[in-house]
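Below are the chains, spelled out letter by letter.
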Amino acid sequence: MIYLDNAATSYQKPEAVYQAVQEVMHHMGNSGRGAHGASLDASRQIYSARELLAELFHAGDPSRVAFTANSTESLNMAVFGLFGPGDHVITTMLEHNSVLRPLYLLEEAGLELTILPADQNGCICYEDIEKAIRPNTKGIICTHASNLTGNMVDIGRIGRFCRKIGLLFVVDASQTAGVFDINMEEMGIDVLCFTGHKGLLGPQGTGGICVRQGVAVRPLIVGGSGVHSYSKAHPEDMPTALEAGTLNGHGIAGLYAALRYIQETGMEQI
Ligand SMILES: Cc1ncc(COP(=O)(O)O)c(C=O)c1O
């Protein structure tokens, strides 16, 4: 089959991804929920995937990478976990509903929102960003590439501007993770949201959020964590802070295999 809908999902995965998921289905335990071999194996496997993602995105410490089900979950975490009523947030007309709808919900509660326009060619005007800044501007959230037009945004330019004036910078890398270089450190990205099933070539139901050291994202959900079980509060340390409940260990094992494939083959070659 000739398949040309990779922006929706990468239908054809590397053979190693199918094999990895099938293999771990036979023996993977629940990561962080036991001290027996099957549980420890799961923790090791998941940690290895964190390491590869931290390396791929230059996210620093692998513990700053938390797994989610997809970009939508990560973006909801970022929006609700960083911004609130009274804050001003800047975004663009190029965004997916997984950015816009959480922002619209917060807008109803008192968030101030600026949506930068795109021109006829689908490009934003970078000078508009500076003009949109208000005293209460807390951050900018923007996609790396539009899923509708394919246009890319110069996130390094926006990130460096955010660093200079102390704004939070959140990037939706759904369309570019695994396809183009993303360097959180150099590009001034505070929070990077990605999905596993598109350019990263992993299974559906995998994704994540990378949070720069020093930035705290309030969790969307709390609950079982496998640690500090007698504490009333959910642990605040990353990645547990953003990983309440059992992870998709089987999917993450597949994502790990996909990341190895990308690393070994090279993004340009793919
Ligand atoms: C730019 C962009 N952001 C976010 C998403 C949401 O990704 P997911 O459905 O994996 O949560 C998509 C999916 O099409 C997308 O293209």
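Provided above is the structure to which this section pertains.
Residues numbered from 1 in each chain as written. Predicted model: local features only at pLDDT ≥ 70, side-chain atom pairs only at ≥ 80, totals over all residues. Heavy atoms only, no water.

*Asks:* So what exactly am I meant to see when it comes to the site of the ligand here?
*Replies:* Neighbouring the ligand are 13 residues; Thr-72, Asp-172, Gln-175, Thr-195 and Lys-198 lie closest to it. With respect to the ligand, the side chain of Asp-172 contributes an N or O atom lying 2.6 Å from a nitrogen atom. Between the ligand and the protein, one listed contact pairs an oxygen atom with a side-chain N or O atom of Thr-195 at 2.6 Å. With the chains in place, 87% of the 390 Å² that the ligand exposes on its own is no longer accessible. Residues that form the shell around the ligand fall into these classes: no nonpolar, eleven polar and two charged. (Near = heavy atom within 4 Å. Polar contact = N/O pair within 3.5 Å; in protein donor to acceptor, adjacent residues only side chain to side chain. Areas by Shrake-Rupley, 256 points an atom, 1.4 Å probe, with all protein chains shown as cover. Nonpolar A, V, L, I, M, F, W, Y, C, P; charged D, E, K, R; others polar.)

*Asks:* Explanation requested: the packing of aromatic side chains in the structure shown.
*Replies:* Geometrically, a pair of aromatic rings is defined through the distance of the ring centres and the angle of the planes. Counting across every chain of the model gives two aromatic pairs. Note on Phe-57 and Phe-194: the rings are 5.2 Å apart at their centroids and 45° apart in plane angle, and the pair reads as tilted. In this pair, Phe-57 is assigned in helix H2 (residues 37-57) and Phe-194 in strand S6 (residues 191-195), connecting sequence segments 137 residues apart. Judged by relative accessible area, Phe-194 falls into the buried class, the value being 0%. (Phe/Tyr/Trp six-rings, centres within 6.5 Å; stacked < 30°, edge-to-face > 60°. Helix = DSSP H or I, 4+ residues; strand = E, 2+ residues; numbered from the N terminus. Buried < 20%, exposed > 50% of the residue type's maximum accessible area, 1.4 Å probe, protein only.)

*Asks:* What is the right way to look at the environment of Asn-97 in this model?
*Replies:* Summarising the element assignment, Asn-97 is placed in helix H4 (residues 97-108). Looking at Asn-97, the relative accessible area reads 34%, which means it is partly exposed. In this structure the C-alpha to C-alpha distance between Asn-97 and Gly-122, which are 25 residues apart in sequence, comes to 17 Å.

*Asks:* What is the right way to read the environment of Asn-136 from this model?
*Replies:* Note on placement: Asn-136 falls in the loop between helix H5 (127-132) and strand S4 (137-143). Overall, Asn-136 belongs to the partly exposed group, its relative accessible area being 25%. Sequence-wise, Asn-136 and Glu-112 are 24 residues apart; in three dimensions their C-alpha atoms are separated by 8.9 Å. With near-sequence residues (within four places) excluded, Asn-136 lies in contact with Gly-86, Asp-87, His-88 and Glu-112. (Contact = heavy atoms within 4.5 Å.)

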